[in-house]
Amino acid sequence: MTNTARPALRPQWPALAAAGVTVLLWASAFVSIRSAGDAYSPGALALGRLLAGSLVLGIFLLIRREGLPPRAAWPGIAVSGLLWFGVYMVVLNWGEQQVDAGTAAMVVNIGPILIALLGARLLGEALPPRLLAGMAVSFAGAVTVGLSMSGEGSASTLGVLLCLLAAVGYAAGVVGQKPALARASALQVTTFGCLVGAVACLPFVGQLVDEASRAPVTATLNMVYLGVFPTALAFTTWAYALARTTAGRMGATTYAVPALVVLMSWLALDEVPAGLTLAGGALCLAGVAVSRSRGRARRPVAGAGADASAFGAGTPETGTAETGPADTGPAGSGAGSRRA
């Protein structure tokens, strides 16, 4: 009995690894944004990052010969590209110039909660108790980290509203992206979403050209890093994992980012965190663990083992099932279709 259940669990590991890559790279982005943001304005930084990401993604799309996504995937690609790649990146860069890092972290971290609520309302996803409990614990951790970092900062009403708008754009973009991944590959959805975001940011091209001529090399290299790794690579691994689980669970996974930012700032910038900051980071990680955990498995019915879906979906806890992904190449970029 136990041997027949093991093969059903194997597909979750690639998706878990992809989610881990995403979280690590998004955490590292905060250090690069801090450096590049001193030389580039919010719109110029977003455009430069998206152009670099689009170039890298386009090259890989040509190498893999995936071509254009199906017509049915374009509404979701357009929504995620405009709201997540475009609006989110610009207003977050702008908002972080108006408020301290702690306040920004607290406001933006309502995003995963909005993702879970929108996913339940628009995608019909379940809201299992473990997911809700884990998100509550992680949000408390994010607030704790934010409070510990806000002692000497300042916050403006405009800055808080911008961070709130960033959270809404992020949540709406993720929920819009989910259906597109049932019709196109992770690489296609990410590449053309990034292109849509770059086109939306073209009004900032004049600022980008002017600021790039005066910016130090380190700031420009950080902008390119943001485009290649936290954008091109991390958004693709995010889409790969999102195609294999619910939007709510993936949103909850990003609560690991504040804890990793604290650790990376400690190691890379020699910023020793306070005890309250460490406690908040631990709460973030504990909440992610709770939200990703499974309830006690039911006794398997004959032949039911093969129906278990990857990355925690389709468990007795969620009461839903998703079909496995149809890989289109060695990277497994094909998206799985979600059962309605």
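Residues numbered from 1 in each chain as written. Predicted model: local features only at pLDDT ≥ 70, side-chain atom pairs only at ≥ 80, totals over all residues. Heavy atoms only, no water.

**Student:** I'm lost on the pattern of salt bridges in this one. Help?
**Tutor:** Taken as a whole and assessed by the stated rule, the structure comprises two salt bridges. The salt bridge involving Arg-64 is made with Glu-66; its shortest N-O contact spans 2.7 Å. According to the relative accessible area criterion, Arg-64 is partly exposed, its value standing at 24%. Classification of Glu-66 as buried rests on a relative accessible area of 16%. Between Arg-214 and Asp-210 there is a salt bridge, with its nearest N and O atoms 2.7 Å apart. With Arg-214 and Asp-210 both in helix 10 (residues 205-214), this residue pair falls four residues apart, about one helical turn. Under the relative-accessibility criterion, Arg-214 is labelled exposed at 58%. Classification of Asp-210 by relative accessible area gives partly exposed; the value is 40%. (Salt bridge = Lys/Arg side-chain N within 4 Å of Asp/Glu carboxyl O. Buried < 20%, exposed > 50% of the residue type's maximum accessible area, 1.4 Å probe, protein only. Helix = DSSP H or I, 4+ residues; strand = E, 2+ residues; numbered from the N terminus.)

**Student:** Sorry, what's going on with the environment of Glu-66 here?
**Tutor:** Of note, Glu-66 is situated in the loop between helix 3 (42-64) and helix 4 (74-98). One polar contact links Glu-66 to Ser-185, side chain to side chain, over a distance of 2.4 Å. (Polar contact = N/O pair within 3.5 Å; in protein donor to acceptor, adjacent residues only side chain to side chain.)

**Student:** Looking at this model, I keep getting lost on the packing of helix 4 against helix 11 (residues 217-242). Mind explaining?
**Tutor:** A pair of packed helices is characterised by two quantities: the angle between their axes and the separation of those axes. Running from N to C, helix 4 and helix 11 cross one another at 125°; their axes reach a closest spacing of 14 Å. By the criterion of interaxial angle, the relationship of helix 4 to helix 11 is oblique. Handedness of the helix 4/helix 11 crossing: right-handed. Between helix 4, through Trp-84, Phe-85 and Met-89, and helix 11, the contact on the second element is made entirely by Thr-231, Phe-235 and Trp-238. Across the contact of helix 4 with helix 11, the residue classes tally to five nonpolar, one polar and no charged. (Axes fitted to C-alpha atoms, helices over the stretch in contact; angles between N-to-C directions. Parallel < 35°, antiparallel > 145°, perpendicular 65-115°, else oblique. Left-handed = near helix turned anticlockwise from the far one by under 90°. Contact = heavy atoms within 4.5 Å. Nonpolar A, V, L, I, M, F, W, Y, C, P; charged D, E, K, R; others polar.)

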